[in-house]
Amino acid sequence: MPHIYVDGCEIQYEVKGRGEVVLLLHGLGSSLLDWEMQVPALAERYTVVAVDLRGHGRSGKPPGPYRIATFAADVAELLRRLALGPAHVVGFSMGGMIGFQLAVDAPSLVRSLVVVNSAPAFVPRTWREHLAVVQRLVALRLLGVRGFARKIAAMNFPRSDQEALRQKLAARLGQNDEAAYLAATKAILGWSVAERIGTIRCPVLVVTGDKDYTPVAAKEAYAARIPRGRVAVVADSRHCTPIDQPEAFNRLLLDFLEEQATAPAEHEEVCHGA
């Protein structure tokens, strides 16, 4: 795989296809393999750049602490070195958080943004939310990475007909370096750019599974604060929408990207003038 070094950390990536650039950012504890059902469809029309974030996949795993802003700076540097910006940025879960961070920190690199089952903040406020965080960290410590991976896979793919997906996700998450996974988990806790999302001027599509961890209403509330934001709901989908409903997700994504191709002048004026 091709790679670059950012602050001494090796960042691995893949590039396929030809056309406008689509940057794919995976979820916590995963890798660019999150997008295996999207890359072939996208590469027919676009240059697809899929990244293994630091601490994940085949990229370097330096000691923590990690920060969402660091992940965003890594991919910004990748786009700059490869002269591939501005890109259509697509982020799943933690990748969506990184997409938000990139959009507010380096708007000239983001032509449009798609966030999937994600949010512009992860700040526990109620005792239930704090308890959920503690339970997650304790479960990781007690079960280890592989045991925790099986738990997460079962939550995301509970049906009997999803056995193959369940096993695949458990195997993928179970390969994590425990220290790097914990550092990435802690990077999310307390992170927020919620107060800055009103400054995002490029088109934003918020995709949510109807059975995601957080309700559709929560996504609708923050999308309403983004000038060109909107929400699309995928039926019969939990947190891993690109994996459990790839055909429906791909249609949404490709239609959204096609929309952007019809109005490039408007984007340049709005995004780069921010």
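Please refer to the structure higher up on the page.
Here's a quick rundown of the structure. (Residues numbered from 1 in each chain as written. Predicted model: local features only at pLDDT ≥ 70, side-chain atom pairs only at ≥ 80, totals over all residues. Heavy atoms only, no water.)

The secondary structure content of the protein chain amounts to 10 helices and 10 strands. In terms of overall size, the protein chain behaves like a compact globule, its C-alpha atoms giving a radius of gyration of 17 Å where 274 residues would be expected to give roughly 19 Å. Taking the principal axes of the C-alpha coordinates as reference, the protein chain spans close to 55 × 40 × 35 Å. Expressed as a percentage of its 274 residues, the buried residues of the protein chain come to 53%. Contacts in the protein chain between residues at least 24 apart in sequence constitute 76% of all its contacts with a sequence separation of at least 6. Roughly 12,200 Å² of accessible area belongs to the protein chain as shown, and the carbon and sulfur atoms make up 54% of that amount. Across the protein chain, 31 positive and 29 negative side-chain charges occur, with their mean positions spaced 5 Å apart. (Helix = DSSP H or I, 4+ residues; strand = E, 2+ residues; numbered from the N terminus. Rg over C-alpha atoms; globule rule 2.2 N^0.38 Å. Buried < 20%, exposed > 50% of the residue type's maximum accessible area, 1.4 Å probe, protein only. Contact = heavy atoms within 4.5 Å. Areas by Shrake-Rupley, 256 points an atom, 1.4 Å probe, with all protein chains shown as cover. Lys, Arg positive; Asp, Glu negative; His and termini not counted. Charge placed at Lys NZ, Arg CZ, Asp CG, Glu CD.)

With that settled, consider the packing of aromatic side chains. For the structure shown, the criterion picks out 3 aromatic pairs. Between Phe100 and Tyr222, the aromatic rings sit 5.7 Å apart at their centres with planes inclined by 80°, giving edge-to-face as the arrangement. Taken as a pair, Phe100 in helix H3 (residues 94-105) and Tyr222 in helix H7 (residues 216-223) lie far apart in primary sequence, 122 residues in all. Residue Phe100 is classed as buried on the basis of its relative accessible area, which comes to 0%. Note on Tyr222: relative accessible area 7%, which makes it buried. (Phe/Tyr/Trp six-rings, centres within 6.5 Å; stacked < 30°, edge-to-face > 60°.)

The topology assignment puts Asp244 in helix H8 (residues 241-244). One buried charge, Asp244, has no salt-bridge partner; the nearest side chain with opposite charge is Arg238, at 6.4 Å. For Asp244, the side chain forms a polar contact with the side chain of Ser237, separated by 2.8 Å. At a separation of 3.0 Å, a polar atom in the side chain of Asp244 contacts the main-chain amide nitrogen of Arg238. Sequence-distant contacts of Asp244, that is, excluding residues within four places in its chain, are made with Phe157, Gln162, Leu165, Ser237 and Arg238. (Salt bridge = Lys/Arg side-chain N within 4 Å of Asp/Glu carboxyl O. Polar contact = N/O pair within 3.5 Å; in protein donor to acceptor, adjacent residues only side chain to side chain.)

Soluble, globular proteins show a tendency: their nonpolar side chains are buried together. Counting residues in each nonpolar core, the largest one holds 87 residues, and the members touching the most others are Leu23 and Phe100. Excluding its chain neighbours within four sequence positions, the residues that come into contact with Leu23 are Val49, Val51, Val75, Leu79, Ala87, His88, Val89, Val90 and Leu102. (Core = buried A, V, L, I, M, F, W, Y, C linked by side-chain atoms within 4.5 Å.)

Per the counting criterion, the structure on display carries 14 salt bridges. A salt bridge links Arg196 to Asp105; its shortest N-O distance comes to 3.1 Å. On the criterion of sequence distance, the pair formed by Arg196 in the loop between strand S8 (191-192) and strand S9 (204-209) and Asp105 in helix H3 is long-range, its members being 91 residues apart. For Arg196, a relative accessible area of 29% gives the class partly exposed. When its relative accessible area of 42% is taken as the criterion, Asp105 is described as partly exposed. It is possible to trace a salt-bridge network through shared partners that takes in Asp34, Glu36, Lys168 and Arg172.

Attention shifts here to a nonpolar patch on the surface. Taken together, Val134, Val138, Leu142 and Leu143 make up a surface patch of nonpolar side chains, about 380 Å² in accessible area. Take Leu143: it is sitting in helix H4 (residues 127-156). Using a relative accessible area of 44% as the deciding quantity, one classes Leu143 as partly exposed. (Patch = residues over 30% accessible without salt bridge, like charges linked within 9 Å, V, L, I, M, F, W, Y side chains within 5 Å.)

This part is about unusual backbone geometry. Backbone torsion omega between Gly64 and Pro65 reads 5°, so that peptide bond is classified as cis. Tracing the sequence through the fold places Pro65 in the loop between strand S4 (47-51) and helix H2 (68-81). Each neighbour pair has its own omega, and for Gly85 with Pro86 the value is -5°, a cis peptide bond. Residue placement: Pro86 occurs in the loop between H2 and strand S5 (87-92). One non-glycine residue with positive phi stands out, namely Ser93, at about 55°. Within the secondary structure, Ser93 sits in the loop between S5 and H3. If you check the backbone angles, Asn117 has positive phi at about 45° while not being a glycine. In this fold, Asn117 is placed in the loop between strand S6 (110-116) and strand S7 (121-122).

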